[in-house]
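Commentary on secondary and tertiary structure
Below are the chains, spelled out letter by letter.
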Amino acid sequence: MLYERGNEFQILNQKAYSEQCKNLKADLSAAFPSLSADELSELIPNKEELNVVKIYAHKGDAVTLYVLHKNPLFFELEKQLYPTVYLLWRFPGLLPIFTTWSPVLQKLIGGADLMLPGVVVPSNGLPDVNRGGCCAVTVVNNRAPVAVGTAAVSTAEMHNLGMKGRGVCVLHTYMDNLWAFGDKSAPPSLPDPESEEQGPNGEESETEEKVEENVEKSVEEQHNPDQMVTDEVCSSVEELNLAEKGEQEDEEEEDQKTPQEIMDALLFQCFLHALKCKVKKSELPLLTSTFLQLTKGVESIVEVDWKNPELRSFNVPEDTACEAVPAQDGGEAEVQYCPPEITTLYSVSARVEPLFLDVNKRKGTILQPAEVRSIVTEYVKKNELVAENNKNYVTINPTLCDCLLEKSEYQEIECLKWDDLFSRTLGKMQECYQIVFPGQTPIIKKGHIEPIDISVASRGSNKKVTLIKNLEVYGLDPTVVSIALQHRVQASSVLQPIPGAKDKVLVQIQGNQIQQVSNLLIDNYQIPRKYIQGIDKAPKGGKKK
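Predicted model only: the values in this text are computed from it and were never measured.

Glancing now at the overall build of the protein. Scanning the protein from terminus to terminus reveals 18 helices and 23 strands. Within the protein, the proportion of its 545 residues that are buried is 44%. By sequence separation, contacts in the protein at least 24 residues apart represent 61% of the contacts at least 6 residues apart. Here the protein has roughly 30,300 Å² of accessible surface; of this, 48% comes from carbon and sulfur atoms.

In structure tokens:
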């Protein structure tokens with residue numbers, strides 16, 4: 001699937017010209033002949049702004065979006081136009097429709113294709129489609145489409161295959177990244193009396209157990225590692241958080257719970273508590289071992305349904321400390337950003353290794369600055385190197401000479417002050433840093449941590465733009481920062497890939513906004529000033545007359 005949740009895409013936004021709108025109308029009329037002239041004019045109004053958005057999906061696909069009133073209506077892939085769910089909710093009959101069961105939707109959102117065993121065949125038969133033809137997917141009892149894709153086989157081949165195998169290759173679904181690009185509204189309720197009386201493949205309504213059996217057969221499990229993680233997590237969320245099946249147990253049944261069931265319920269409550277208090281979107285994917293130590297294997301939580309009824313209705317006990325959870329646009333709840341803890345460390349180098357042999361610290365050992373001072377102090381005292389006449393000085397022995405002095409200093413320096421001794425020792429070691437994000441395992445890297453870089457560049461004769469990079473190093477989502485800056489300075493911004501930098505993008509915003517960017521990073525995100533580069537380039541305020 002192009003827009004699978006948990007994967008980011010890069011965005012380039014611009015206003016559509018009149019010629020583009022005219023060509024788009026012609027292309028839409030050819031691709032969807034059922035649209036009338038009035039409907040085309042409604043979709044592409046002459047006097048309203050239509051935006052053309054170039055995106056690069058997580059698999060590298062170049063896609064063009066056509067956006068009206070902040071909602072994407074169409075997307076173009078390989079010169080083929082496809083409607084989004086936002087458009088299909090206005091024109092539900094625009095495409096041939098295949099109906100499936102509600103639990104299958106979570107699998108589709110997770111990136112799976114729709115398999116034929118899960119297709120609900122209406123009394124009037126399947127829609128007539130050709131292989132590769134554009135089609136939509138709905139769930140039982142609601143005509144509002146929830147997915148868009150292409151037919152894997154023709155209708156005739158579906159019957160010849162005995163309704164087995166792949167049915168629809170899914171490109172876009174409700175709840176994916178393309179849907180999240182819009183206003184994140186939920187599907188409207190469009191009753192479908194026909195599907196209420198039908199079961200899978202045209203049979204009468206079946207029991208819940210049979211439906212679940214068909215659901216399992218209807219979704220093809222993905223075999224690449226990334227997709228396996230996505231499907232496993234979606235399955236776990238489905239089991240724990242999604243559709244409530246049946247009525248809640250009464251008090252008598254609760255009293256009869258086994259110790260295992262009681263423990264499972266307590267674990268689930270703790271999981272909800274952690275989601276509300278500690279987890280935020282920028283931390284995903286998050287190792288499951290953060291919550292529970294597993295016996296083997298590595299599993300990750302790649303997505304959280306923040307709108308899930310059980311999660312939203314869960315109340316954190318008042319006597320527990322928990323960060324505020326502000327509501328975001330679209331109703332999603334997300335914990336406020338918490339800056340990472342950054343610590344400077346030092347690695348034992350070959351040059352100074354003899355100083356650390358007594359404590360069995362070999363080359364490559366990572367140490368805190370305080371540990372280095374303690375080990376050096378112990379070495380000096382053990383070898384009786386404190387100067388007799390002045391205890392503020394340390395006598396240089398052959399080992400200290402080889403480790404800390406330059407060749408030109410061998411004959412000149414006989415002793416060093418304590419501070420000079422420590423600074424020289426640290427200067428001969430490999431500097432490293434440790435960065436710890438809330439709820440994640442500490443990360444240690446060599447060298448200096450890259451600061452968030454803010455700079456100003458010229459575009460054209462008299463136009464300036466502000467460029468921000470390295471936000472990802474500090475766990476900041478460039479898209480979120482870009483939107484926050486747009487609201488703060490009322491100027492347009494775009495995200496651009498950084499050549500040669502994998503998984504990094506550049507935020508570009510109109511004007512010299514260094515002061516506003518630095519205020520946002522320091523005051524809102526609490527990034528220490530020493531990790532921000534370029535603040536000194538902010539424009540100076542003129543003197544008032």
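Moving on from the coordinates now.
In this model, Lys-70 sits at a positive phi of 70°, which is unusual for a non-glycine residue. Note on placement: Lys-70 falls in the loop between strand S3 (62-68) and strand S4 (71-77). Lys-70 sits in the exposed class, given a relative accessible area of 70%. Not every positive phi belongs to a glycine, and Asn-141 is a case in point at roughly 75°. With respect to the element layout, Asn-141 can be found in the loop between strand S8 (134-139) and strand S9 (142-151).

As a further point, take the sheet that holds strand S18 (residues 443-446). Strand pairing in a sheet takes place through backbone hydrogen bonds and is either antiparallel or parallel in direction. Taken in spatial order, the 4 strands line up as S14-S13-S17-S18 in an open sheet, and their pairing is antiparallel. The strands lining the two open edges of the sheet, one partner per strand, are strand S14 (366-367) and S18.

The subject of this paragraph is the packing of aromatic side chains. Inspection of the entire model under this criterion finds 7 aromatic pairs. Ring plane angle 20° and centroid distance 5.3 Å describe the contact between Phe-75 and Tyr-82, whose orientation is recorded as stacked. Relative to Phe-422, the ring of Trp-418 has its centre 5.8 Å away and its plane inclined at 35°; by these criteria the two rings are tilted. Of this pair, Trp-418 and Phe-422 are both found in helix H16 (residues 418-427), 4 residues apart, which corresponds to roughly one turn of the helix. Ring pairing ties together the aromatic residues Tyr-86, Trp-89, Tyr-174 and Trp-179, which thus form one cluster.

Sheet analysis places strand S13 (residues 341-347) next to strand S17 (residues 430-436), joined by 7 bridges and oriented antiparallel. Within S17, the position partnered with Thr-344 by the bridge is Tyr-433. Bridge analysis of S17 against S18 gives 4 bridges, and the strand direction is antiparallel. Bridge assignment links Tyr-433 to a residue of S18, and that residue is Lys-445. Between S17 and S18, which pair antiparallel in sequence order, lie 6 residues; one of them, Gly-439, sits at a positive phi of approximately 80°.

The mixed open sheet is built from 5 strands, whose spatial order is S6-S8-S9-S10-S7. Since the sheet does not close on itself, it has two edges, and those belong to strand S6 (97-100) and strand S7 (114-115), each with one partner.

Relative to the assigned elements, Tyr-474 resides in the loop between strand S20 (464-469) and helix H17 (478-489). In this structure, the C-alpha to C-alpha distance between Tyr-474 and Glu-450, residues 24 residues apart in sequence, is 9.3 Å. Setting aside anything within four residues of it in sequence, one finds Tyr-474 in contact with Tyr-337, Pro-340, Ile-342, Phe-437, Ile-449, Glu-450, Pro-451, Ile-452, Ile-527 and Tyr-531. Of the polar contacts made by the side chain of Tyr-474, one reaches the backbone oxygen of Glu-450; its length is 2.7 Å.

Next up on the list: the side chain of Asn-142. Assignment of secondary structure puts Asn-142 in strand S9. Separated by 3.1 Å, the side chain of Asn-142 and the backbone oxygen of Pro-188 make a polar contact. Here the side chain of Asn-142 touches Leu-190 through a polar contact of 2.8 Å, landing on its backbone nitrogen.

Glancing now at the side chain of Ser-349. Among the secondary structure elements, Ser-349 is positioned in the loop between S13 and helix H13 (353-356). By relative accessible area, Ser-349 is classed as buried at 15%. Excluding residues that lie within four positions of it along the chain, Ser-349 makes contacts with Lys-363, Lys-428 and Met-429.

So, about the environment of Ile-375. As for its placement among the helices and strands, Ile-375 is situated in helix H14 (residues 369-382). In sequence terms Ile-375 and Phe-356 are 19 residues apart; their C-alpha atoms lie 7.1 Å from each other. Residues within four places of Ile-375 in sequence aside, it is in contact with Leu-355, Phe-356, Val-359, Lys-361 and Leu-367.

Turning our eyes to something else, we now look at helix H18 (residues 514-524). Since the α-helix turns once every 3.6 residues, residues separated by three or four places project in the same direction. For H18, the complete set of buried residues consists of Ile-514, Val-517, Ser-518, Leu-520 and Leu-521. An end-on view of H18 places all buried positions within 155° of arc, on one side of the element. Lining the buried residues of H18 we find strand S19 (452-458), S20, H17 and strand S23 (532-533).

This next bit is on the packing of H14 against H16. Two elements in contact, H14 and H16, have axes whose closest approach is 10 Å; the angle formed by their N-to-C orientations is 120°. One finds that H14 runs oblique with respect to H16. The crossing of H14 and H16 is right-handed. Contact with H14, carried on its side by Val-372, Arg-373, Val-376, Thr-377 and Val-380, involves Trp-418, Asp-419, Leu-421, Phe-422, Thr-425 and Leu-426 of H16 and no other residues of that element.

What counts as what
- Residues numbered from 1 in each chain as written.
- Predicted model: local features only at pLDDT ≥ 70, side-chain atom pairs only at ≥ 80, totals over all residues.
- Heavy atoms only, no water.
- Helix = DSSP H or I, 4+ residues; strand = E, 2+ residues; numbered from the N terminus.
- Buried < 20%, exposed > 50% of the residue type's maximum accessible area, 1.4 Å probe, protein only.
- Contact = heavy atoms within 4.5 Å.
- Areas by Shrake-Rupley, 256 points an atom, 1.4 Å probe, with all protein chains shown as cover.
- Pairing = 2+ DSSP bridges.
- Phe/Tyr/Trp six-rings, centres within 6.5 Å; stacked < 30°, edge-to-face > 60°.
- Polar contact = N/O pair within 3.5 Å; in protein donor to acceptor, adjacent residues only side chain to side chain.
- Arc of directions from axis to C-beta.
- Axes fitted to C-alpha atoms, helices over the stretch in contact; angles between N-to-C directions.
- Parallel < 35°, antiparallel > 145°, perpendicular 65-115°, else oblique.
- Left-handed = near helix turned anticlockwise from the far one by under 90°.

Interpretation in functional terms is not warranted from these geometric data alone.
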